[in-house]
Amino acid sequence: GNKMADDDDDIFPDLCDDDDEHDETEQIANTKQKPLETKTWKFPETFFQQIPSLKTASNGAERAAAMSYPSYWTRLCPKMHINGPNSVSDADNSIFDCDPDLIDRCRARMLSDGYFNIDAGPALPWAVPFEDVAECIQTLDAHGWPPNFVLVYDEVWTLSNQVKQLVKMCTGNELIMDFSTFFVGSSRKANGQPDDNRDAKGWAPHRDRGQDWTASSFGHDGMPKYTTTWIPLTRASPTNSCLYVIPCSHDPGYHQGDKGKNPLSTILKEPESFQYIRALPCPAGSLIQFSHRLLHWGSAAGEGSLRRGLGEDPRLAISFASSREDFEDPYFSRTNLPYPQLDLRMALIAGLSIMYSQNEDPGKERISVYHDCFQACEDQMSEKFKKVVNTIYDAY
(Lines give C-alpha, C1' and ligand atoms only; values in the text may rest on other atoms or scores of the structure.)
Protein backbone atom coordinates (compact mmCIF):
# COMPACT_ATOMS: atom_id res chain seq x y z
CA GLY A 1 0.00 0.00 0.00
CA ASN A 2 2.72 2.47 0.93
CA LYS A 3 4.68 1.64 -2.21
CA MET A 4 1.66 2.42 -4.40
CA ALA A 5 1.23 5.74 -2.62
CA ASP A 6 4.87 6.64 -3.21
CA ASP A 7 4.73 5.61 -6.87
CA ASP A 8 1.63 7.72 -7.50
CA ASP A 9 2.95 11.02 -6.12
CA ASP A 10 3.50 12.46 -9.60
CA ILE A 11 0.27 11.05 -11.02
CA PHE A 12 -1.95 12.69 -8.41
CA PRO A 13 -0.74 16.26 -7.88
CA ASP A 14 -1.75 18.08 -4.69
CA LEU A 15 -4.57 20.40 -5.68
CA CYS A 16 -5.02 22.14 -2.33
CA ASP A 17 -2.60 24.81 -1.13
CA ASP A 18 -1.81 25.49 2.52
CA ASP A 19 -4.54 28.12 2.90
CA ASP A 20 -7.15 25.75 1.51
CA GLU A 21 -6.01 23.07 3.92
CA HIS A 22 -6.32 25.40 6.90
CA ASP A 23 -9.74 26.70 5.88
CA GLU A 24 -11.06 23.26 5.02
CA THR A 25 -9.83 21.67 8.24
CA GLU A 26 -11.34 24.48 10.29
CA GLN A 27 -14.68 24.18 8.55
CA ILE A 28 -14.83 20.43 9.02
CA ALA A 29 -13.85 20.76 12.67
CA ASN A 30 -16.93 22.96 13.12
CA THR A 31 -19.22 20.64 11.17
CA LYS A 32 -22.18 19.61 13.30
CA GLN A 33 -23.37 16.19 12.23
CA LYS A 34 -24.78 13.24 14.06
CA PRO A 35 -22.05 10.81 15.15
CA LEU A 36 -21.39 8.15 12.55
CA GLU A 37 -19.90 4.73 12.94
CA THR A 38 -16.16 4.98 13.58
CA LYS A 39 -13.93 2.55 11.69
CA THR A 40 -10.22 1.93 11.91
CA TRP A 41 -8.86 3.63 8.82
CA LYS A 42 -5.63 4.04 6.93
CA PHE A 43 -4.95 5.82 3.65
CA PRO A 44 -2.87 3.71 1.29
CA GLU A 45 -4.09 5.65 -1.77
CA THR A 46 -2.57 8.99 -2.64
CA PHE A 47 -5.73 10.25 -4.37
CA PHE A 48 -7.51 10.32 -0.99
CA GLN A 49 -4.58 12.27 0.38
CA GLN A 50 -5.19 15.04 -2.14
CA ILE A 51 -7.98 16.18 0.20
CA PRO A 52 -5.90 17.30 3.20
CA SER A 53 -8.56 16.88 5.88
CA LEU A 54 -8.99 13.21 4.97
CA LYS A 55 -5.52 12.67 6.44
CA THR A 56 -6.58 13.94 9.85
CA ALA A 57 -10.25 12.88 9.92
CA SER A 58 -10.85 10.68 12.95
CA ASN A 59 -14.37 9.44 12.27
CA GLY A 60 -16.94 8.90 9.56
CA ALA A 61 -18.62 12.28 9.96
CA GLU A 62 -15.33 14.11 9.41
CA ARG A 63 -14.45 11.96 6.42
CA ALA A 64 -17.86 12.61 4.85
CA ALA A 65 -17.50 16.36 5.45
CA ALA A 66 -14.03 16.33 3.91
CA MET A 67 -15.30 14.63 0.77
CA SER A 68 -18.06 17.24 0.43
CA TYR A 69 -15.91 20.35 0.71
CA PRO A 70 -16.05 22.09 -2.71
CA SER A 71 -12.54 23.60 -2.86
CA TYR A 72 -10.85 20.43 -4.06
CA TRP A 73 -13.48 19.64 -6.68
CA THR A 74 -13.62 23.13 -8.20
CA ARG A 75 -9.85 23.27 -8.38
CA LEU A 76 -9.75 19.83 -10.03
CA CYS A 77 -12.19 20.76 -12.83
CA PRO A 78 -12.32 24.57 -13.02
CA LYS A 79 -14.60 24.61 -16.09
CA MET A 80 -17.34 22.87 -14.12
CA HIS A 81 -19.72 24.30 -11.53
CA ILE A 82 -21.02 23.39 -8.08
CA ASN A 83 -24.26 25.14 -7.11
CA GLY A 84 -23.36 28.01 -9.41
CA PRO A 85 -25.14 31.35 -8.81
CA ASN A 86 -27.10 31.17 -12.07
CA SER A 87 -27.56 27.42 -12.23
CA VAL A 88 -31.18 27.23 -11.10
CA SER A 89 -32.41 29.95 -13.47
CA ASP A 90 -30.40 28.41 -16.31
CA ALA A 91 -31.96 25.02 -15.56
CA ASP A 92 -35.50 26.41 -15.55
CA ASN A 93 -34.91 28.14 -18.89
CA SER A 94 -33.32 25.19 -20.67
CA ILE A 95 -35.95 22.44 -20.31
CA PHE A 96 -36.67 21.03 -23.77
CA ASP A 97 -39.80 22.15 -25.56
CA CYS A 98 -41.36 18.96 -26.87
CA ASP A 99 -42.78 18.78 -30.37
CA PRO A 100 -46.02 16.75 -30.26
CA ASP A 101 -45.11 14.83 -33.42
CA LEU A 102 -41.74 13.87 -31.89
CA ILE A 103 -43.47 12.68 -28.73
CA ASP A 104 -45.86 10.53 -30.76
CA ARG A 105 -43.01 8.97 -32.73
CA CYS A 106 -41.02 8.26 -29.57
CA ARG A 107 -43.99 6.67 -27.83
CA ALA A 108 -44.66 4.47 -30.85
CA ARG A 109 -41.02 3.33 -30.94
CA MET A 110 -41.05 2.54 -27.22
CA LEU A 111 -44.11 0.35 -27.67
CA SER A 112 -42.86 -1.42 -30.81
CA ASP A 113 -39.14 -1.76 -30.01
CA GLY A 114 -38.70 -1.13 -26.28
CA TYR A 115 -36.60 1.97 -26.94
CA PHE A 116 -36.37 5.14 -28.99
CA ASN A 117 -33.40 7.23 -30.07
CA ILE A 118 -32.95 10.85 -31.11
CA ASP A 119 -29.74 11.87 -32.83
CA ALA A 120 -27.94 15.03 -31.78
CA GLY A 121 -29.44 18.07 -33.47
CA PRO A 122 -32.09 20.77 -33.15
CA ALA A 123 -34.47 18.52 -31.21
CA LEU A 124 -31.89 18.33 -28.39
CA PRO A 125 -30.66 21.88 -27.63
CA TRP A 126 -28.31 21.00 -24.79
CA ALA A 127 -27.26 23.82 -22.45
CA VAL A 128 -24.05 22.08 -21.37
CA PRO A 129 -20.76 21.89 -23.33
CA PHE A 130 -20.30 18.15 -23.77
CA GLU A 131 -16.57 18.51 -24.32
CA ASP A 132 -16.23 20.09 -20.84
CA VAL A 133 -18.12 17.21 -19.20
CA ALA A 134 -16.05 14.65 -21.13
CA GLU A 135 -12.83 16.43 -20.14
CA CYS A 136 -13.99 16.47 -16.52
CA ILE A 137 -14.58 12.70 -16.48
CA GLN A 138 -11.13 12.09 -17.95
CA THR A 139 -9.58 14.45 -15.36
CA LEU A 140 -11.38 12.62 -12.57
CA ASP A 141 -10.09 9.34 -13.98
CA ALA A 142 -6.53 10.63 -14.15
CA HIS A 143 -6.75 11.51 -10.46
CA GLY A 144 -8.20 8.16 -9.47
CA TRP A 145 -11.89 9.04 -9.17
CA PRO A 146 -14.53 6.80 -10.81
CA PRO A 147 -16.62 8.43 -13.57
CA ASN A 148 -19.76 8.81 -11.45
CA PHE A 149 -17.99 11.49 -9.41
CA VAL A 150 -18.96 13.83 -12.25
CA LEU A 151 -22.24 14.06 -10.30
CA VAL A 152 -20.38 16.40 -7.97
CA TYR A 153 -20.89 19.06 -10.63
CA ASP A 154 -24.02 20.91 -11.81
CA GLU A 155 -23.66 20.01 -15.47
CA VAL A 156 -24.99 16.44 -15.26
CA TRP A 157 -27.92 17.62 -13.16
CA THR A 158 -28.63 20.19 -15.86
CA LEU A 159 -28.76 17.47 -18.52
CA SER A 160 -31.18 15.36 -16.50
CA ASN A 161 -33.35 18.43 -15.84
CA GLN A 162 -33.43 19.39 -19.52
CA VAL A 163 -34.96 16.07 -20.59
CA LYS A 164 -37.43 15.62 -17.73
CA GLN A 165 -40.41 16.90 -19.70
CA LEU A 166 -39.51 14.80 -22.75
CA VAL A 167 -39.22 11.67 -20.61
CA LYS A 168 -42.43 12.40 -18.70
CA MET A 169 -44.45 13.04 -21.87
CA CYS A 170 -43.12 9.94 -23.62
CA THR A 171 -43.24 7.46 -20.76
CA GLY A 172 -44.94 8.99 -17.71
CA ASN A 173 -41.75 8.47 -15.70
CA GLU A 174 -39.72 10.88 -13.55
CA LEU A 175 -36.08 10.99 -12.43
CA ILE A 176 -35.22 8.70 -9.49
CA MET A 177 -31.51 9.58 -9.16
CA ASP A 178 -30.19 6.21 -10.37
CA PHE A 179 -27.19 7.52 -12.35
CA SER A 180 -24.38 5.62 -14.06
CA THR A 181 -21.43 7.18 -15.87
CA PHE A 182 -19.35 5.15 -18.31
CA PHE A 183 -15.75 5.58 -19.42
CA VAL A 184 -14.94 2.69 -21.75
CA GLY A 185 -11.20 2.92 -22.20
CA SER A 186 -10.50 4.33 -18.73
CA SER A 187 -6.93 4.18 -17.49
CA ARG A 188 -8.11 2.95 -14.08
CA LYS A 189 -10.35 0.35 -12.54
CA ALA A 190 -13.03 1.25 -9.98
CA ASN A 191 -10.55 0.51 -7.17
CA GLY A 192 -8.07 3.04 -8.57
CA GLN A 193 -5.59 0.49 -9.88
CA PRO A 194 -4.16 1.10 -13.36
CA ASP A 195 -6.00 -0.56 -16.25
CA ASP A 196 -4.18 -1.36 -19.50
CA ASN A 197 -7.42 -0.96 -21.53
CA ARG A 198 -6.88 -4.27 -23.28
CA ASP A 199 -10.33 -5.47 -22.27
CA ALA A 200 -12.29 -2.21 -22.45
CA LYS A 201 -16.01 -2.85 -22.80
CA GLY A 202 -19.41 -1.80 -21.58
CA TRP A 203 -21.57 -3.85 -19.24
CA ALA A 204 -22.54 -7.36 -20.33
CA PRO A 205 -26.06 -8.16 -21.68
CA HIS A 206 -28.69 -7.44 -19.05
CA ARG A 207 -32.09 -6.01 -18.28
CA ASP A 208 -32.14 -3.01 -15.95
CA ARG A 209 -34.90 -4.67 -13.97
CA GLY A 210 -34.89 -8.40 -14.50
CA GLN A 211 -37.66 -9.65 -12.26
CA ASP A 212 -40.33 -11.92 -13.66
CA TRP A 213 -43.28 -9.92 -12.27
CA THR A 214 -43.37 -8.00 -15.51
CA ALA A 215 -47.11 -7.41 -15.85
CA SER A 216 -47.18 -4.84 -13.04
CA SER A 217 -44.12 -3.06 -14.43
CA PHE A 218 -46.01 -1.72 -17.46
CA GLY A 219 -48.77 0.89 -17.38
CA HIS A 220 -52.24 0.46 -18.84
CA ASP A 221 -50.95 2.31 -21.89
CA GLY A 222 -48.24 -0.32 -22.38
CA MET A 223 -45.46 2.05 -21.37
CA PRO A 224 -42.71 0.68 -19.08
CA LYS A 225 -42.85 2.15 -15.60
CA TYR A 226 -39.05 2.35 -15.47
CA THR A 227 -36.85 3.67 -18.27
CA THR A 228 -33.24 4.71 -18.71
CA THR A 229 -31.94 7.79 -20.52
CA TRP A 230 -28.52 7.18 -22.13
CA ILE A 231 -26.53 10.17 -23.45
CA PRO A 232 -23.13 9.77 -25.14
CA LEU A 233 -20.64 12.54 -24.34
CA THR A 234 -18.36 11.39 -27.16
CA ARG A 235 -19.28 9.60 -30.38
CA ALA A 236 -20.31 6.00 -29.68
CA SER A 237 -19.43 3.45 -32.37
CA PRO A 238 -18.95 -0.32 -32.63
CA THR A 239 -15.20 0.33 -32.41
CA ASN A 240 -15.16 2.34 -29.18
CA SER A 241 -18.26 0.62 -27.69
CA CYS A 242 -21.82 1.57 -28.51
CA LEU A 243 -25.06 0.14 -27.21
CA TYR A 244 -26.46 -3.06 -28.71
CA VAL A 245 -30.07 -4.06 -28.14
CA ILE A 246 -32.57 -6.75 -29.01
CA PRO A 247 -35.93 -5.13 -29.86
CA CYS A 248 -38.78 -6.26 -27.66
CA SER A 249 -40.68 -7.61 -30.68
CA HIS A 250 -38.06 -10.37 -30.91
CA ASP A 251 -37.73 -10.99 -27.16
CA PRO A 252 -40.28 -13.46 -25.68
CA GLY A 253 -39.22 -12.61 -22.13
CA TYR A 254 -39.71 -8.86 -22.49
CA HIS A 255 -43.36 -9.02 -21.41
CA GLN A 256 -43.68 -12.62 -20.25
CA GLY A 257 -40.64 -12.76 -17.97
CA ASP A 258 -37.60 -14.99 -18.30
CA LYS A 259 -38.86 -17.61 -15.82
CA GLY A 260 -35.40 -18.28 -14.46
CA LYS A 261 -33.78 -18.81 -17.85
CA ASN A 262 -30.95 -16.87 -19.42
CA PRO A 263 -32.78 -14.57 -21.86
CA LEU A 264 -30.02 -14.94 -24.46
CA SER A 265 -30.64 -18.68 -24.66
CA THR A 266 -34.33 -18.04 -25.28
CA ILE A 267 -33.92 -15.23 -27.82
CA LEU A 268 -30.97 -16.57 -29.81
CA LYS A 269 -32.13 -20.14 -30.39
CA GLU A 270 -31.75 -20.04 -34.17
CA PRO A 271 -28.88 -18.69 -36.33
CA GLU A 272 -31.15 -16.10 -37.94
CA SER A 273 -32.07 -14.77 -34.48
CA PHE A 274 -28.70 -13.00 -34.33
CA GLN A 275 -29.81 -10.82 -37.23
CA TYR A 276 -32.29 -9.04 -34.96
CA ILE A 277 -29.50 -7.59 -32.80
CA ARG A 278 -29.25 -3.83 -33.41
CA ALA A 279 -26.20 -1.66 -32.95
CA LEU A 280 -27.00 1.92 -31.94
CA PRO A 281 -23.99 4.07 -32.90
CA CYS A 282 -24.61 7.76 -32.41
CA PRO A 283 -22.82 11.11 -32.21
CA ALA A 284 -22.17 12.94 -28.94
CA GLY A 285 -25.26 14.68 -27.68
CA SER A 286 -27.71 12.06 -28.91
CA LEU A 287 -30.28 10.42 -26.64
CA ILE A 288 -31.41 6.82 -26.30
CA GLN A 289 -34.35 6.02 -24.02
CA PHE A 290 -35.04 2.38 -23.25
CA SER A 291 -37.26 0.18 -21.16
CA HIS A 292 -36.20 -1.63 -17.99
CA ARG A 293 -36.95 -4.89 -19.82
CA LEU A 294 -34.91 -4.20 -22.97
CA LEU A 295 -32.00 -6.60 -23.26
CA HIS A 296 -28.96 -4.40 -23.98
CA TRP A 297 -25.20 -4.22 -23.55
CA GLY A 298 -22.13 -2.16 -24.35
CA SER A 299 -19.86 -3.79 -26.91
CA ALA A 300 -16.18 -4.47 -26.38
CA ALA A 301 -14.01 -1.67 -27.71
CA GLY A 302 -11.11 -2.12 -30.07
CA GLU A 303 -7.53 -1.84 -28.83
CA GLY A 304 -6.53 1.70 -27.95
CA SER A 305 -4.12 1.86 -30.88
CA LEU A 306 -6.93 0.87 -33.27
CA ARG A 307 -9.28 3.53 -31.86
CA ARG A 308 -6.59 6.18 -32.13
CA GLY A 309 -5.86 5.10 -35.70
CA LEU A 310 -9.52 5.68 -36.53
CA GLY A 311 -9.43 9.05 -34.79
CA GLU A 312 -11.90 7.91 -32.12
CA ASP A 313 -12.07 9.11 -28.53
CA PRO A 314 -12.85 6.69 -25.71
CA ARG A 315 -16.57 6.19 -25.26
CA LEU A 316 -17.95 8.38 -22.47
CA ALA A 317 -21.64 8.33 -21.60
CA ILE A 318 -24.07 9.22 -18.83
CA SER A 319 -27.28 7.40 -18.01
CA PHE A 320 -30.04 7.97 -15.49
CA ALA A 321 -33.28 6.20 -14.69
CA SER A 322 -36.84 7.47 -14.40
CA SER A 323 -39.79 5.66 -12.88
CA ARG A 324 -43.41 5.97 -11.92
CA GLU A 325 -44.15 6.42 -8.23
CA ASP A 326 -46.00 3.09 -7.99
CA PHE A 327 -42.98 1.19 -9.30
CA GLU A 328 -39.85 2.69 -7.71
CA ASP A 329 -39.35 5.66 -5.41
CA PRO A 330 -36.73 8.34 -6.07
CA TYR A 331 -33.58 7.71 -4.05
CA PHE A 332 -34.11 11.07 -2.38
CA SER A 333 -36.88 13.66 -2.62
CA ARG A 334 -37.20 15.53 -5.91
CA THR A 335 -37.63 18.71 -3.88
CA ASN A 336 -33.80 18.74 -3.83
CA LEU A 337 -33.73 19.15 -7.62
CA PRO A 338 -32.50 20.50 -9.93
CA TYR A 339 -29.27 20.97 -7.93
CA PRO A 340 -28.90 19.01 -4.68
CA GLN A 341 -26.44 20.29 -2.10
CA LEU A 342 -22.94 18.86 -2.41
CA ASP A 343 -23.14 16.60 0.63
CA LEU A 344 -26.29 14.98 -0.77
CA ARG A 345 -24.67 14.56 -4.19
CA MET A 346 -21.68 12.91 -2.52
CA ALA A 347 -23.94 10.60 -0.52
CA LEU A 348 -25.71 9.58 -3.73
CA ILE A 349 -22.42 8.93 -5.54
CA ALA A 350 -21.30 6.85 -2.58
CA GLY A 351 -24.53 4.87 -2.39
CA LEU A 352 -24.51 4.14 -6.12
CA SER A 353 -20.87 3.06 -5.92
CA ILE A 354 -21.79 0.56 -3.23
CA MET A 355 -24.97 -0.58 -4.99
CA TYR A 356 -23.11 -1.29 -8.22
CA SER A 357 -19.98 -2.70 -6.58
CA GLN A 358 -20.69 -6.12 -8.11
CA ASN A 359 -20.17 -4.57 -11.54
CA GLU A 360 -17.28 -2.31 -10.57
CA ASP A 361 -15.57 -3.33 -7.34
CA PRO A 362 -14.20 -0.27 -5.49
CA GLY A 363 -12.10 -2.24 -3.02
CA LYS A 364 -12.42 -2.31 0.76
CA GLU A 365 -10.64 1.00 1.43
CA ARG A 366 -12.83 3.06 -0.88
CA ILE A 367 -16.09 1.36 -0.01
CA SER A 368 -15.56 2.25 3.65
CA VAL A 369 -15.23 5.96 2.87
CA TYR A 370 -18.18 5.71 0.48
CA HIS A 371 -20.29 4.30 3.31
CA ASP A 372 -19.23 7.17 5.57
CA CYS A 373 -20.47 9.62 2.91
CA PHE A 374 -23.71 7.71 2.47
CA GLN A 375 -24.38 7.62 6.20
CA ALA A 376 -23.96 11.39 6.46
CA CYS A 377 -27.19 11.92 4.44
CA GLU A 378 -28.80 8.54 5.02
CA ASP A 379 -31.86 10.11 6.65
CA GLN A 380 -32.68 11.80 3.32
CA MET A 381 -32.59 8.58 1.30
CA SER A 382 -35.53 6.32 0.46
CA GLU A 383 -36.02 3.27 2.65
CA LYS A 384 -35.45 0.86 -0.22
CA PHE A 385 -32.24 2.57 -1.35
CA LYS A 386 -30.94 2.59 2.24
CA LYS A 387 -31.70 -1.10 2.64
CA VAL A 388 -30.00 -2.08 -0.63
CA VAL A 389 -26.87 -0.01 0.03
CA ASN A 390 -26.46 -1.12 3.64
CA THR A 391 -27.12 -4.78 2.84
CA ILE A 392 -24.49 -4.82 0.13
CA TYR A 393 -22.02 -2.92 2.31
CA ASP A 394 -22.53 -5.26 5.27
CA ALA A 395 -21.96 -8.29 3.03
CA TYR A 396 -18.88 -6.83 1.34
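Every chain is numbered on its own, with residues counted from 1 as its sequence reads. Selection of residues for local features in this predicted model requires a pLDDT of at least 70, selection of side-chain atom pairs for listing and counting requires 80 or more, and totals for whole chains, interfaces and linings are taken over all residues. To obtain the side-chain values, all non-hydrogen atoms of the structure were included, while hydrogens and water were left out.

1. Describing the overall build of the protein
Thought 1: Per the convention used, a helix needs a DSSP run of H or I reaching at least four residues, while a strand needs a run of E reaching at least two, with both numbered from the N terminus. The number of helices and strands found in the protein is 17 helices and 8 strands.
Thought 2: Taking as baseline every contact in the protein between residues at least 6 positions apart, the subset at least 24 positions apart corresponds to 83%. Two residues qualify as a contact provided that any one of their heavy atoms is within 4.5 Å of a heavy atom in the partner residue.

2. Details of the packing of aromatic side chains
Thought 1: The aromatic pairing rule takes the rings of Phe, Tyr and Trp, using the six-membered ring of Trp, and pairs them if the centres are within 6.5 Å, calling planes under 30 degrees apart stacked, those over 60 edge-to-face and the rest tilted. Evaluated as defined, the whole model comprises 18 aromatic pairs.
Thought 2: Judged by centre distance (6.4 Å) and plane angle (35°), the rings of Trp157 and Phe332 are tilted. Separated by 175 residues along the polypeptide, Trp157 in helix H10 (residues 154-162) and Phe332 in the loop between strand S8 (315-323) and helix H15 (342-355) bring together distant segments of the chain. Here Trp157 and Phe332 have matching classes, each one buried.
Thought 3: Aromatic pair Phe182 and Trp203: ring centres 5.2 Å apart, planes at 85°, arrangement edge-to-face. Pair noted here: Phe182 is in strand S2 (residues 174-184) and Trp203 is in the loop between S2 and strand S3 (226-232), with a separation of 21 residues, a long-range link.
Thought 4: Three exposure classes are used, based on accessible area relative to the maximum for each residue type with a 1.4 Å probe and protein chains only: buried under 20%, partly exposed in between, and exposed over 50%. For Phe182, a relative accessible area of 12% translates into the label buried.
Thought 5: One aromatic cluster is present, built from ring pairs that chain together Tyr72, Trp73, Trp145, Phe149 and Tyr370.

3. Observations concerning the packing of helix H16 (residues 364-376) against helix H17 (residues 383-395)
Thought 1: Convention adopted: a line fitted to C-alpha atoms gives each axis, helices being fitted over their contacting stretch, and angles between N-to-C directions are expressed from 0 to 180 degrees. Interhelical geometry of H16 versus H17 gives an angle of 155° and a closest axis separation of 11 Å. Here H17 runs roughly antiparallel to H16, going by the angle between their axes. In the crossing of H16 with H17, the sense of the turn from one axis to the other is left-handed. Taking contact as the criterion, the partners of Ile367, Ser368, His371 and Phe374 in H16 are, on H17, Phe385, Lys386, Val389, Asn390 and Tyr393. Reported orientations rely on four angle classes, namely roughly parallel under 35 degrees, roughly antiparallel over 145, roughly perpendicular from 65 to 115, and oblique for the rest. Left-handed describes a crossing whose near helix is turned anticlockwise from the far helix by less than a right angle; the clockwise case is right-handed.

4. Quick look at the pairing of strand S4 (residues 243-246)
Thought 1: Side chains Leu243 and Val245 project from S4 onto one buried face, and the interleaved Tyr244 and Ile246 project onto a second face that is buried too.
Thought 2: At least two DSSP bridges between two strands are needed for those strands to be called paired. One ladder, built from 3 bridges, connects S4 with strand S5 (residues 278-280); its direction is antiparallel. Opposite Leu243, over in S5, you have Leu280 as the bridge partner.
Thought 3: In this structure, S4 lies alongside strand S7 (residues 295-298), joined through 4 bridges in antiparallel fashion. Residue pairing across strands places Tyr244 opposite Trp297, the latter belonging to S7.

5. Thoughts on the nonpolar core
Thought 1: Residues grouped as a nonpolar core are buried Ala, Val, Leu, Ile, Met, Phe, Trp, Tyr and Cys residues, joined through side-chain atoms within 4.5 Å. Core analysis: the biggest nonpolar cluster contains 80 residues, and Trp73, Phe149 and Phe179 have the highest contact counts within it.
Thought 2: The greatest single-element share of this core, amounting to 10 residues, is contributed by H15.
Thought 3: Setting aside anything within four residues of it in sequence, one finds Trp73 in contact with Ile51, Met67, Ile82, Leu140, Trp145, Phe149, Val152, Tyr153 and Met346.
Thought 4: Phe182, Ala236, Tyr244 and Val245 belong to the second largest nonpolar core, which has 19 residues in total.

6. Focus: the pattern of salt bridges
Thought 1: In what follows, salt bridge is the name for a side-chain nitrogen of Lys or Arg lying within 4 Å of a carboxyl oxygen of Asp or Glu. In the structure shown here, the tally under the stated rule is 17 salt bridges.
Thought 2: One salt bridge in this structure joins Arg63 and Asp372, with 2.6 Å as the shortest N-O distance. Within this pair, whereas Arg63 is found in helix H5 (residues 60-67), its partner Asp372 is found in helix H16, the two being separated by 309 residues in sequence.
Thought 3: Look at Asp372 and you get buried, because its relative accessible area is 1%.
Thought 4: In this structure, Arg209 engages Glu328 in a salt bridge whose closest nitrogen and oxygen atoms are separated by 2.9 Å. In this pair, Arg209 is assigned in the loop between S2 and S3 and Glu328 in the loop between S8 and H15, connecting sequence segments 119 residues apart. Across the pair, Glu328 and Arg209 agree in class, each one buried.

7. Quick word on the packing of H15 against H16
Thought 1: It is the contact of H15 with H16, at a shortest axis distance of 8 Å, that shows an interaxial angle of 135°. As far as their axial angle goes, H16 and H15 are oblique. As for how H15 packs across H16, the hand of that crossing is left-handed. Only Ile367, Tyr370, His371, Cys373 and Phe374 of H16 make contact with H15, whose side of the interface consists of Met346, Ala347, Ala350, Gly351, Ser353 and Ile354.
Thought 2: Throughout, the ten residues Ala, Val, Leu, Ile, Met, Phe, Trp, Tyr, Cys and Pro are labelled nonpolar, Asp, Glu, Lys and Arg are labelled charged, and all others, Gly among them, are labelled polar. Of the residues belonging to the contact of H15 with H16, the class tally is 8 nonpolar, 3 polar and no charged.

8. Thoughts on the sheet that holds S7
Thought 1: The strand order across the open sheet built from 3 strands is S5-S4-S7, with neighbouring strands paired in antiparallel fashion. Each of the sheet's edge strands pairs with one partner strand only, and the pair in question is S5 and S7. Put simply, the sheet's adjacent strands are angled 25° from each other on average, direction ignored.

9. Here we look at unusual backbone geometry
Thought 1: The step from Leu337 to Pro338 runs through a cis peptide bond, and the omega angle for that step is 10°.
Thought 2: Tracing the backbone shows Pro338 in the loop between S8 and H15.
Thought 3: Backbone geometry places Asn83, a non-glycine residue, at a positive phi of 50°.
Thought 4: Checked against the element boundaries, Asn83 lands in the loop between helix H6 (70-76) and helix H7 (87-93).

10. Points about the layout of surface pockets
Thought 1: Cavities and pockets were defined on a 1 Å grid built over protein atoms only: a cavity is a set of grid points that admits a 1.4 Å probe from which the probe cannot escape, a pocket is an open set flanked by protein on both sides within 12 Å along at least five of seven lines, and lining residues are those with an atom within 4 Å of any such point. Grid points are joined across faces, edges and corners, and a volume is the space filled by probe spheres set on the points. Its boundaries defined by the atoms lining it, the largest pocket holds a volume of some 780 Å³.
Thought 2: In terms of lining residues, the largest pocket is bounded by 33 residues, among which Arg188, Ala190, Trp203, Asn359 and Glu360 are the most central.
Thought 3: Elements with a minimum of two residues in the lining of the largest pocket: S2, H15 and H16.
Thought 4: Take the lining of the largest pocket: its biggest share by element is 6 residues, from S2.
Thought 5: A class-by-class count of the residues in the lining of the largest pocket yields 14 nonpolar, 11 polar and 8 charged.
Thought 6: Taken as a whole, the second largest pocket spans an internal volume of roughly 550 Å³.
Thought 7: Together, 27 residues line the second largest pocket, and Trp203, His206, Asp208, Tyr356 and Asn359 are the ones closest to its centre.
Thought 8: Of all the secondary-structure elements, those providing two or more residues to the lining of the second largest pocket are S2, S3, S7, S8 and H17.
Thought 9: By residue class, the composition of the lining of the second largest pocket is 13 nonpolar, 9 polar and 5 charged.

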